[in-house]
Amino acid sequence: MNVDSPAAQQLTPDSLIEQCLSGDQAAWETIVRQNWRKVFNVAYKFVGKHDEAEDLTQDIFLKIFKALRTFDRRANFQTWIISISRNLCIDHYRSVRKERQTIAREVDASDLQPPSRERTPYALAEHQDLRAQLKQALEALPETLRTAVVLRDLQERSYQEIADRLALPEGTVKSRINRGRLELARQLKRLQDKQPALRRRRSKK
């Protein structure tokens, strides 16, 4: 079935859902096409960036697809879609905020500077451990994200300077930096979770 044909456009939500659940890919494409703009607008209001809103919109439609069987046919389909969109956007916002707080606690620019001579041996060891973890976490990032984070957060380049150097739109640069910071926080947490015993021993001394 051609999703742009009059027949496809006249199908009711219930009919499209039934066809989609039966494995009709064209029916799902019609649902996406009919509701993409509404879902994208909800996502954009939360993230304020076109590329991030597109990524979030794709995630929302994946959630919608997985939840189709749970839709109560007595309800309004578009209202249900918007409700899922808002809930997922709220979850996304909370997740991003939590990750940024993690970065603020764990990734301090001072940790990249030479250690102070006044540090105690234990403080010096902690500092060196964190620098080593940060280096290891950076190396675990995809090259595109690592480059963006290093240029912005370590070399303190402006967004425009980074965009010019990488020959990318500024919006893409900001997106890579945000994604890189989130992934860096995840990698740091993973590395630090591997050393709880070591941290506990040092904290007692």
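Just so you know, these numbers come straight off a predicted model, no measurement behind them. (Residues numbered from 1 in each chain as written. Predicted model: local features only at pLDDT ≥ 70, side-chain atom pairs only at ≥ 80, totals over all residues. Heavy atoms only, no water.)

**Q** Which parts of the structure should I look at to understand the overall build of the protein?
**A** Within the protein, the secondary structure is distributed over ten helices and zero strands. Shown N-terminal to C-terminal, the secondary structure of the protein runs as helices and strands in the order α-α-α-α-α-α-α-α-α-α. Restricting to contacts in the protein with at least 6 residues of sequence separation, those with at least 24 account for 57%. (Helix = DSSP H or I, 4+ residues; strand = E, 2+ residues; numbered from the N terminus. Contact = heavy atoms within 4.5 Å.)

**Q** It is not clear to me how helix α7 (residues 143-154) should be interpreted in this structure. Could you clarify?
**A** Every α-helix winds through 3.6 residues per turn, so residues three or four apart in the chain are directed the same way. Residues L145, A148, V149 and L151 constitute the buried set of α7. In a view along the axis of α7, the buried residues occupy a sector of 165 degrees, so they form one face of it. Taken from the residues just after α7, E156 is the one with a positive phi, measuring 55 degrees. (Buried < 20%, exposed > 50% of the residue type's maximum accessible area, 1.4 Å probe, protein only. Arc of directions from axis to C-beta.)

**Q** What's the story with the pattern of salt bridges in this structure? I'm lost.
**A** Between side chains of opposite charge, a pair can form as their charged atoms come close. By the definition in use, this model includes seven salt bridges. Residue E18 is joined to R73 by a salt bridge in which the shortest nitrogen-to-oxygen separation is 2.9 Å. On the criterion of sequence distance, the pair formed by E18 in helix α2 (residues 13-21) and R73 in the loop between α4 (50-67) and α5 (77-106) is long-range, its members being 55 residues apart. With a relative accessible area of 44%, E18 lands in the partly exposed category. On the basis of relative accessible area, R73 is assigned to the partly exposed category, the value being 30%. (Salt bridge = Lys/Arg side-chain N within 4 Å of Asp/Glu carboxyl O.)

**Q** What should I look at first to understand the environment of R37 in this one?
**A** The topology assignment puts R37 in helix α3 (residues 25-47). Separated by 20 residues in the primary sequence, R37 and T57 place their C-alpha atoms 9.3 Å from one another.

**Q** Whenever I open this one, the side chain of T57 confuses me. Can you help?
**A** Of note, T57 is situated in helix α4. Apart from residues no more than four positions distant in its own chain, T57 is found in contact with W36, V39, F40 and A43.

**Q** Even after reading the chapter, I still don't get the side chain of S175, so can you show me in this structure?
**A** You can see S175 is positioned in helix α9 (residues 170-193). Given the relative accessible area of 3%, S175 is considered buried. Polar side-chain contacts of S175 include one of 3.5 Å to the side chain of D51. When sequence neighbours within four positions are dropped, the list of residues in contact with S175 reads D51 and E52. (Polar contact = N/O pair within 3.5 Å; in protein donor to acceptor, adjacent residues only side chain to side chain.)

**Q** Help me out: how do you make sense of unusual backbone geometry in this one?
**A** Of all residues except glycine, most have a negative phi; of all peptide bonds, most are trans. A positive phi angle, near 55 degrees, is found at E156, a position not held by glycine. Summarising the element assignment, E156 is placed in the loop between α7 and α8 (159-166). Positive phi, close to 55 degrees, is recorded for A167, a residue that is not glycine. In this structure, A167 sits in the loop between α8 and α9.

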